[in-house]
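Spelled out, the chains give:
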Protein chains: 2
Amino acid sequence: MKIDIGMSPRKRPSLVEQVRESLLGDLTSGKLTPGAKLPNENDLADRFGVSRSTIREAVGGLMDAGYLARRHGSGTYVTSSPRTRHPLETTVSYTAMIRASGRKPAETVVSKVVRAPAAEERELLRLSDGDSVIDVERVRFADRRPVIYSRDRIPVALLGDSSDQALDSSLYAILARSGHPVASATAQLIPTLAGAKLSRLLMVKRGTPLLHIDQVDYDERGQPVMLSHEWHVADAFDLVVNRRTSPASEDA
Amino acid sequence: MKIDIGMSPRKRPSLVEQVRESLLGDLTSGKLTPGAKLPNENDLADRFGVSRSTIREAVGGLMDAGYLARRHGSGTYVTSSPRTRHPLETTVSYTAMIRASGRKPAETVVSKVVRAPAAEERELLRLSDGDSVIDVERVRFADRRPVIYSRDRIPVALLGDSSDQALDSSLYAILARSGHPVASATAQLIPTLAGAKLSRLLMVKRGTPLLHIDQVDYDERGQPVMLSHEWHVADAFDLVVNRRTSPASEDA
DNA sequence: GAGTGGTCTAGACCACCGT
DNA sequence: CGGTGGTCTAGACCACTCC
């Protein structure tokens with residue numbers, strides 16, 4: 001129940017990560033097929049030359065990721081349906097996502113300005129007087145079809161020198177290079193309708209259903225580093241959430 | 001502080017759970033306020049009379065739930081925004097959710113039938129020949145306003161004797177009593193528009209934006225136990241997803 | 001009853017943060 | 001530097017499943 005998010009510069013992978021990678025390899029290579037039973041934890045510990053706790057943590061991560069399921073008293077088994085399409089609960093570069101779905105990604109920058117923040121932006125980004133934000137409006141395409149309109153705002157103070165390096169790379173990459181890699185985010189999902197502007201930009205009829213995603217991105221320290229507004233064409237992606245019953249469930 | 005209704009056989013909470021509950025109490029009671037620093041792990045271990053690993057697991061759970069944040073080399077701190085509105089990534093009873101938001105929950109059963117499964121249902125629920133499903137259509141209200149229309153299908157074979165006990169309790173509770181508590185789920189989110197039927201049931205205009213949630217619930221063994229189709233009125237809830245960067249992130 | 005995962009301990013050393 | 005969380009070990013006992 002703890003996925004390692006460590007994403008900073010290269011460092012020697014922990015034993016847990018090494019074991020997890022190794023098992024994941026067996027899973028994706030087909031060496032371990034759905035329904036198969038894993039060796040028991042003591043055997044795995046011996047095989048990898050680590051302690052049982054290490055094995056348990058590695059296997060635990062693969063459970064969280066949905067690859068494995070433990071059955072108390074019985075064994076650990078390979079899940080029948082390893083993965084889902086696009087898990088919303090992890091942040092991904094849309095460019096990578098479109099490419100992964102076998103389509104050709106493209107994007108156009110509608111506007112890019114540096115300006116003073118609006119009141120809401122000041123609050124959400126915890127800005128001080130005089131701080132300004134860079135505001136980027138883009139439309140993303142998949143196979144020449146517009147699928148997402150987005151508006152991202154980042155405090156210029158965070159970017160240091162990199163504020164000029166345009167948008168050759170994703171904003172996530174730029175933030176990471178600036179020492180503020182996005183570690184988590186909170187997104188609110190709102191179904192809405194295409195109005196005049198969005199229908200033009202996304203080339204859909206007015207009144208077409210869109211999914212509006214209103215997101216705040218945080219770095220490892222919990223500092224807000226980016227505000228995103230996105231409007232998704234309904235059928236462009238399979239937006240999926242993997243849900244679990246809350247461990248600390250209240251009594252209702 | 002231990003009621004034990006008729007749920008699964010009573011068992012003593014693990015030390016981890018006890019520690020977690022205790023810390024959670026401090027958090028919700030305001031004893032620990034946002035930004036506050038927790039005692040270090042060794043101190044906590046001494047105070048609770050458990051090992052440091054136990055403390056770490058308890059704290060880890062509260063991190064996952066968003067209450068605490070660890071900073072390597074610095075300490076463990078109370079999150080500034082304890083919890084967000086309605087985290088989509090955990091499954092909740094809507095009745096409880098509506099009540100938690102300070103509104104009065106109600107529901108009407110539109111229909112409830114036992115029938116043979118459709119092809120898609122047979123596949124998703126992994127049914128065999130002759131298996132049938134119970135199909136429940138409901139509308140949920142918050143303060144007398146309809147907010148969700150749902151259609152849930154459960155294999156009758158799973159319910160045992162409880163198939164008759166109507167819907168006095170939530171379907172989650174019924175499944176739990178039948179030995180198949182929902183442990184995880186996969187939900188697909190699709191923005192859509194209210195058509196004739198939904199506009200009538202949810203008392204909105206045709207063409208009103210709705211969020212369609214198409215969900216499969218699984219028990220601890222990974223066996224699918226319920227299929228849900230839900231249509232949410234856009235502004236009824238704040239649907240929120242807490243996202244994190246994927247551990248194995250691609251370069252984009 | 002044999003075998004499996006579930007929980008827990010006590011202690012060690014490492015990596016990072018701050019002063 | 002001292003204090004903190006991060007990783008890992010070796011071993012113990014418990015709880016569940018299945019034969």
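The rules behind the values
- Residues numbered from 1 in each chain as written.
- Chains lettered and ligands numbered in written order.
- Predicted model: local features only at pLDDT ≥ 70, side-chain atom pairs only at ≥ 80, totals over all residues.
- Heavy atoms only, no water.
- Helix = DSSP H or I, 4+ residues; strand = E, 2+ residues; numbered from the N terminus.
- Buried < 20%, exposed > 50% of the residue type's maximum accessible area, 1.4 Å probe, protein only.
- Contact = heavy atoms within 4.5 Å.
- Domains from an automatic or database assignment.
- Polar contact = N/O pair within 3.5 Å; in protein donor to acceptor, adjacent residues only side chain to side chain.
- Near = heavy atom within 4 Å.
- Nonpolar A, V, L, I, M, F, W, Y, C, P; charged D, E, K, R; others polar.
- Expected span 1.5 Å × (residues − 1).
- Core = buried A, V, L, I, M, F, W, Y, C linked by side-chain atoms within 4.5 Å.
- Arc of directions from axis to C-beta.
- Salt bridge = Lys/Arg side-chain N within 4 Å of Asp/Glu carboxyl O.

**Q** Explain the overall build of chain A to me, and be specific about the residues and the numbers.
**A** The number of helices and strands found in chain A is eight helices and eleven strands. Within chain A, the proportion of its 252 residues that are buried is 45%. Put simply, 57% of the contacts in chain A that link residues at least 6 apart link residues at least 24 apart.

**Q** How would you explain the domain arrangement of chain A if you had to name every residue and give the values?
**A** One widely used convention gives an interface's size as the accessible area the parts lose upon coming together. By domain assignment, chain A separates into domain 1 (11-78) and domain 2 (85-240). Taking the mean C-alpha position of each, domain 1 of chain A and domain 2 of chain A sit 36 Å from one another.

**Q** Residue-level account of the side chain of Glu137(A), with values.
**A** Residues and elements named next belong to chain A. Note that Glu137 resides in strand E6 (residues 133-142). Within polar-contact distance, the side chain of Glu137 engages the side chain of Ser111 at 2.6 Å. When neighbours within four sequence positions are excluded, Glu137 is seen to be in contact with Thr108, Val109, Val110, Ser111, Tyr149, Ser150, Arg151 and Lys197.

**Q** Tell me about the protein's contact with DNA strand D, residues and numbers included.
**A** The environment of DNA strand D is formed by 24 residues, the closest being Leu15(A), Thr54(A), Asn40(B), Arg52(B) and Gly73(B). Backbone atoms, meaning sugar plus phosphate, form 66% of the atoms of DNA strand D positioned within 4 Å of the protein. With respect to DNA strand D, the side chain of Arg56(B) contributes an N or O atom lying 2.8 Å from a phosphate oxygen. Contacts to DNA strand D include Arg70(B), whose side-chain N or O atom sits 3.2 Å from a phosphate oxygen. Looking at the surface near DNA strand D element by element, the count peaks at three residues for helix H3 (residues 52-64) of chain A. Classifying every residue of the surface near DNA strand D gives three nonpolar, 14 polar and seven charged.

**Q** Please give an account of unusual backbone geometry that cites residues and values.
**A** One non-glycine residue with positive phi stands out, namely Arg144(A), at about 70°. Here Arg144(A) shows up in the loop between E6 and strand E7 (145-155).

**Q** An account of H3(A) is needed here, citing residue identities and associated values.
**A** Counting along an α-helix, one turn takes 3.6 residues, and residues three or four places apart therefore face a common direction. All names here are of chain A. The end-to-end C-alpha separation of H3 is 18 Å, in line with the 18 Å expected for 13 residues at 1.5 Å each. Within H3, the full set of buried residues consists of Thr54, Ile55, Ala58, Val59, Gly60, Gly61 and Leu62. Check the buried side of H3 and you find it contacts helix H1 (15-28), helix H2 (41-48), strand E1 (68-71) and strand E2 (75-78).

**Q** For the nonpolar core, give the residues involved together with the corresponding values.
**A** Core analysis: the largest hydrophobic core is formed by 50 residues, its most contacted members being Leu202(A), Leu202(B) and Phe237(B). Apart from the residues lying within four places of it in its own chain, the contact partners of Leu202(B) are Val139(B), Pro146(B), Val147(B), Ile148(B), Tyr149(B), Leu210(B), Trp231(B) and Val233(B). Grouped together as the second largest cluster of nonpolar side chains are 17 residues, Val19(B), Ala45(B), Tyr67(B) and Val78(B) included.

**Q** Pulling in residues and values, what's your account of H2(A)?
**A** Residues and elements named next belong to chain A. Turning to H2, its buried residues are Glu41, Leu44 and Ala45. The buried residues of H2 occupy an angular sector of 100° when projected down its axis, which confines them to one face. Seen from the open side of H2, the exposed residues pointing more than 90 degrees away from its buried face are Asp46 and Arg47. Taken together, the buried residues of H2 touch H3 and E1. Positive phi appears at Gly49, one or two residues downstream of H2, with a value of about 70°.

**Q** Residue-level account of the protein's contact with DNA strand C, with values.
**A** The full set close to DNA strand C counts 23 residues, and Asn40(A), Arg52(A), Arg70(A), Leu15(B) and Thr54(B) are the nearest of them. The sugar-phosphate backbone supplies 64% of the atoms of DNA strand C found within 4 Å of the protein. Within the side chain of Asn40(A), an N or O atom sits 2.7 Å from a phosphate oxygen of DNA strand C. In the environment of DNA strand C, a base nitrogen lies 3.1 Å from a nitrogen or oxygen atom belonging to the side chain of His72(A). Elements with a contribution of two residues or more to the surface near DNA strand C: H3, E1 and E2 of chain A together with helix H1 (15-28) and helix H3 (52-64) of chain B. The greatest single-element share of the surface near DNA strand C, amounting to three residues, is contributed by H3(B).

**Q** So what's going on with the environment of Ala196(A)? Which residues, and what values?
**A** Considering the arrangement of structural elements, one finds Ala196(A) in helix H8 (residues 196-201). Residue Ala196(A) is classed as partly exposed on the basis of its relative accessible area, which comes to 46%.

**Q** Report on the pattern of salt bridges, specifying residues and quantitative values.
**A** Following the criterion strictly, the structure yields 21 salt bridges over all chains and no others. Two residues, Glu121(A) and Arg115(A), come together in a salt bridge whose shortest N-O distance is 3.0 Å. Glu121(A) sits in the buried class, given a relative accessible area of 5%. For Arg115(A), a relative accessible area of 23% puts it in the partly exposed group. A salt bridge links Lys197(B) to Glu137(B), with the nearest nitrogen and oxygen atoms 3.1 Å apart. On the criterion of sequence distance, the pair formed by Lys197(B) in helix H8 (residues 196-201) and Glu137(B) in strand E6 (residues 133-142) is long-range, its members being 60 residues apart. For Lys197(B), a relative accessible area of 39% corresponds to the partly exposed category. For Glu137(B), a relative accessible area of 9% gives the class buried. Residues joined by salt bridges that share partners form a network here, namely Arg115(A), Glu121(A), Asp135(A), Arg151(A) and Arg153(A).

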